[in-house]
Amino acid sequence: MIIDSLMTRARQSIAKRKHYNRLVAEIDSFTARDLADMRADRSEMLYQIRKQIYG
């Protein structure tokens, strides 16, 4: 029972990290021009995805 719980939490943590890394890579791929066109701030975007995924 305890091992199943640990394994489930580990899988969820790995899935969250993969999702986070994928989004960070996508944001990092934006050029300064892309961000200006979107009127976006890279650091704010990174903050928001961290907040969204990890709470």
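You'll find the structure just up there.
Notes on the structure follow. Note that this is a predicted model, so its numbers are computed, not measured.

### What about the pattern of salt bridges?
Evaluation of the coordinates by the stated rule reveals one salt bridge. Linking Asp37 and Arg33 is a salt bridge whose minimum nitrogen-to-oxygen distance equals 3.4 Å. Residue Asp37 and its partner Arg33 are both found in helix α2 (residues 32–38); the two are separated by four residues, about one turn of the helix. The two residues Asp37 and Arg33 agree in class, both being exposed.

### Some remarks on the nonpolar core
Listed in full, the five residues of the largest apolar core are Tyr20, Val24, Ile27, Ile49 and Ile53. Contributions of two or more residues to this core are made by α1 (2–28) and α3 (42–54). Among the elements that line this core, the one with the most residues is α1, at three residues.

### Some points on the packing of α1 against α3
One way to put it is that α1 packs onto α3 with a least axis distance of 10 Å and a crossing angle of 165 degrees. Relative to α3, the element α1 lies roughly antiparallel. In this structure, α1 crosses over α3, and the sense of that crossing is right-handed. Touching Lys16, Arg17, His19, Tyr20, Leu23, Val24, Ile27 and Asp28 of α1 are Arg42, Met45, Leu46, Ile49, Arg50, Ile53 and Tyr54, all from α3. In terms of residue class, the contact of α1 with α3 is built from nine nonpolar, one polar and five charged.

Here is what the cut-offs are and how they apply
Residues numbered from 1 in each chain as written. Predicted model: local features only at pLDDT ≥ 70, side-chain atom pairs only at ≥ 80, totals over all residues. Heavy atoms only, no water. Salt bridge = Lys/Arg side-chain N within 4 Å of Asp/Glu carboxyl O. Helix = DSSP H or I, 4+ residues; strand = E, 2+ residues; numbered from the N terminus. Buried < 20%, exposed > 50% of the residue type's maximum accessible area, 1.4 Å probe, protein only. Core = buried A, V, L, I, M, F, W, Y, C linked by side-chain atoms within 4.5 Å. Axes fitted to C-alpha atoms, helices over the stretch in contact; angles between N-to-C directions. Parallel < 35°, antiparallel > 145°, perpendicular 65-115°, else oblique. Left-handed = near helix turned anticlockwise from the far one by under 90°. Contact = heavy atoms within 4.5 Å. Nonpolar A, V, L, I, M, F, W, Y, C, P; charged D, E, K, R; others polar.

Take it as geometry only, folks, not as evidence of what the structure does.
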